[in-house]
Amino acid sequence: IVLNGYAALKAGDVAGYFNSMTEDVTITYFGNHLFTGTYRGKADIMANYVPLLLARLDGPIKITVTNAIAEGDQVFVEARQEPRRGGVRERGGR
């Protein structure tokens, strides 16, 4: 389910990505950058993560899953994203 969600996002199907999540989804971004933190539930993601993301993008986001580990109802996904802003590729940071 999780990998299908990321495949949908990579194909430009943002609705399919969000539809693959449960209402109580938790997403955590590690590191020291604009998106660092834990987002709990679709409402939190839509209110606090998506606006930050959309403000940084001028085109579709490209995500490639590099690793996924599942145990029970928890999934850890490692992915690389290559959003573009102003024609320049960004890799993390502010």
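Residues numbered from 1 in each chain as written. Predicted model: local features only at pLDDT ≥ 70, side-chain atom pairs only at ≥ 80, totals over all residues. Heavy atoms only, no water.

## Points about the overall build of the chain
Then, in step 1: Each helix and strand in the chain was counted, giving 3 helices and 6 strands.
Then, in step 2: Beginning at the N terminus, the succession of helices and strands in the chain can be written as α-α-β-β-α-β-β-β-β.
Then, in step 3: In the chain, buried positions account for 24% of the 94 residues.
Then, in step 4: Of the contacts made within the chain by residues no fewer than 6 positions apart, 30% connect residues no fewer than 24 positions apart.
Then, in step 5: Accessible surface for the chain amounts to roughly 6,500 Å². Of this, 53% is attributable to carbon and sulfur atoms. (Helix = DSSP H or I, 4+ residues; strand = E, 2+ residues; numbered from the N terminus. Buried < 20%, exposed > 50% of the residue type's maximum accessible area, 1.4 Å probe, protein only. Contact = heavy atoms within 4.5 Å. Areas by Shrake-Rupley, 256 points an atom, 1.4 Å probe, with all protein chains shown as cover.)

## As for the nonpolar core
Then, in step 1: By size, the foremost hydrophobic cluster in this structure holds 16 residues, and its most contacted members are Tyr17, Met21, Ile45 and Tyr49.
Then, in step 2: Elements that contribute at least two residues to this core include exactly helix 1 (2-10), helix 2 (14-19) and helix 3 (41-56).
Then, in step 3: In this structure Tyr49 touches Tyr29, Phe35, Tyr39 and Asp44, once residues within four positions along its chain are discounted. (Core = buried A, V, L, I, M, F, W, Y, C linked by side-chain atoms within 4.5 Å.)

## What about the pairing of strand 4 (residues 74-81)?
The side chains of a regular strand alternate between the sheet's two faces.
Then, in step 1: Relative to strand 4, strand 3 (residues 63-71) is paired through 8 bridges, and the arrangement is antiparallel. Considered in strand 4, the bridge of Ala70 is made with Val75.
Then, in step 2: In this antiparallel pair of consecutive strands, strand 3 and strand 4, the connection spans 2 residues, and Gly72 shows a positive phi of 65 degrees. (Pairing = 2+ DSSP bridges.)

## Quick word on the side chain of Lys42
Then, in step 1: One can find Lys42 in helix 3.
Then, in step 2: Note on Lys42: relative accessible area 15%, which makes it buried.
Then, in step 3: One polar contact links the side chain of Lys42 to the main-chain carbonyl oxygen of Met21, over a distance of 3.1 Å. (Polar contact = N/O pair within 3.5 Å; in protein donor to acceptor, adjacent residues only side chain to side chain.)

## So, helix 3
Then, in step 1: With 16 residues, helix 3 should cover 22 Å at 1.5 Å per step; its first-to-last C-alpha distance of 22 Å lies within 8% of that length.
Then, in step 2: Of all the bends in helix 3, the largest measures some 40 degrees and sits at Tyr49, one to four residues before the proline Pro51.
Then, in step 3: Within the span of helix 3, buried status applies to Gly41, Lys42, Ile45, Tyr49, Val50, Leu53 and Arg56. (Expected span 1.5 Å × (residues − 1). Bend = angle between axes of the 7 residues up to and from the residue.)

## A few points about the confidence of the model for the chain
Then, in step 1: Across the chain, pLDDT averages 84, with 87% of residues at or above 70.
Then, in step 2: Taken element by element, the predicted model of the chain shows its lowest mean pLDDT in strand 6 (residues 88-89) (48) and its highest in strand 2 (residues 37-40) (96). (pLDDT = per-residue confidence, 0-100.)

## Here's the deal with the packing of aromatic side chains
Then, in step 1: Overall, the coordinates contain 6 aromatic pairs when judged by the stated rule.
Then, in step 2: Taking 6.3 Å as the distance between ring centres and 70 degrees as the angle between the ring planes, the aromatic pair formed by Tyr29 and Tyr39 counts as edge-to-face. With a gap of 10 residues between them, Tyr29 in strand 1 (residues 26-29) and Tyr39 in strand 2 connect regions that are remote in the sequence.
Then, in step 3: Ring centres 5.5 Å apart and planes at 70 degrees place the aromatic pair Phe35 and Tyr49 in the edge-to-face group. Note that Phe35 is positioned in the loop between strand 1 and strand 2 and Tyr49 in helix 3, a separation of 14 residues in sequence. (Phe/Tyr/Trp six-rings, centres within 6.5 Å; stacked < 30°, edge-to-face > 60°.)

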